[in-house]
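Listed here are the chains, written in short residue letters.
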Amino acid sequence: MNTVEETIEVAVPVRTAYNQWTQFEGFPRFSRVVKRIGQLTPSVTAWVVGVGPLRKEFEAEIVEQIPDSHVAWRSLDHSPWHEGEVEFRALAQDRTAITVRMRIRRRGAAGVLTAVPGAAGRVVRQELACFKEFIEGLGEAGGGWRGTIRKGHIRPGEPERSKSQVPTWPVG
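Described in the following lines is the structure provided in the data block. (Residues numbered from 1 in each chain as written. Predicted model: local features only at pLDDT ≥ 70, side-chain atom pairs only at ≥ 80, totals over all residues. Heavy atoms only, no water.)

**Some details on the overall build of the chain**
Heads up, the condition is: Here a helix means four or more residues in a row that DSSP labels H or I, a strand means two or more in a row labelled E, and each is numbered from the N terminus. Here's how the labels work: a residue is buried when its accessible area is under 20% of the maximum for its type, exposed when over 50%, partly exposed in between, all with a 1.4 Å probe on protein chains only. The contact definition used throughout considers only heavy atoms, calling two residues in contact when any of these lie within 4.5 Å. Method for areas: the Shrake-Rupley scheme with a 1.4 Å probe, in which residue coverage is limited to the protein chains shown.
The number of helices and strands found in the chain is three helices and nine strands. The buried share of the chain, reckoned over its 172 residues, is 41%. Look at the contacts in the chain between residues 6 or more apart in sequence, and 52% of them connect residues 24 or more apart. Carbon and sulfur atoms form 53% of the exposed surface of the chain, whose accessible area is close to 9900 Å².

In structure tokens form, the structure reads like this:
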């Protein structure tokens, strides 16, 4: 079992960081590893991740999600199996600590990357740095999902609307 924990501080309010993070389909806009995410249901996402020519597709279930606090998930695939949590903690009105914790169990050929000591931690650290640059550059979230998920029960919230004055599609 490989355990990873990485934290980064971002210069945006906790609500902004959380809202942007919950826009899963937007991850490829900042991520070097995430190629595509599809939101299948409010609690299930389909991921395509990769480095170079290597690609891995898997589904993940959100097992708990509390606005401005955390999102916890587990993979539904077993090669490699993983679970994790991303926690958002306000440090000041305009500063947030984001901590990602993951547990990864190697299985089969897909587990080769997790066998390299420190590789998973380096990838998470780099991805957090990319998110920091992205969200600080935006200054505000491009939407957000404010619902909660607890013990399989989904309570939808009102979606966050972007405060941007730039028109969105469709216009007219």
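**Some words on the packing of helix H1 (residues 14-21) against helix H3 (residues 119-138)**
Put simply, the rule reads: Axes, fitted as lines to C-alpha atoms, cover a helix only where it is in contact. Angles between the N-to-C directions of the axes lie from 0 to 180 degrees. Crossing handedness follows the turn of the near helix against the far one: under a right angle anticlockwise gives a left-handed crossing, and clockwise gives a right-handed one. Residues are grouped as follows: nonpolar covers Ala, Val, Leu, Ile, Met, Phe, Trp, Tyr, Cys and Pro; charged covers Asp, Glu, Lys and Arg; every other residue, Gly included, is treated as polar.
Running from amino to carboxyl end, H1 crosses H3 at an angle of 115°, the nearest separation of the two axes being 11 Å. In this structure, the crossing between H1 and H3 has a hand that is right-handed. Note on element contacts: H3 touches H1 through Leu-128, Phe-131, Phe-134, Ile-135 and Leu-138, opposite Thr-16, Ala-17, Gln-20 and Trp-21. Taken together, the residues of the contact of H1 with H3 sort by class into seven nonpolar, two polar and no charged.

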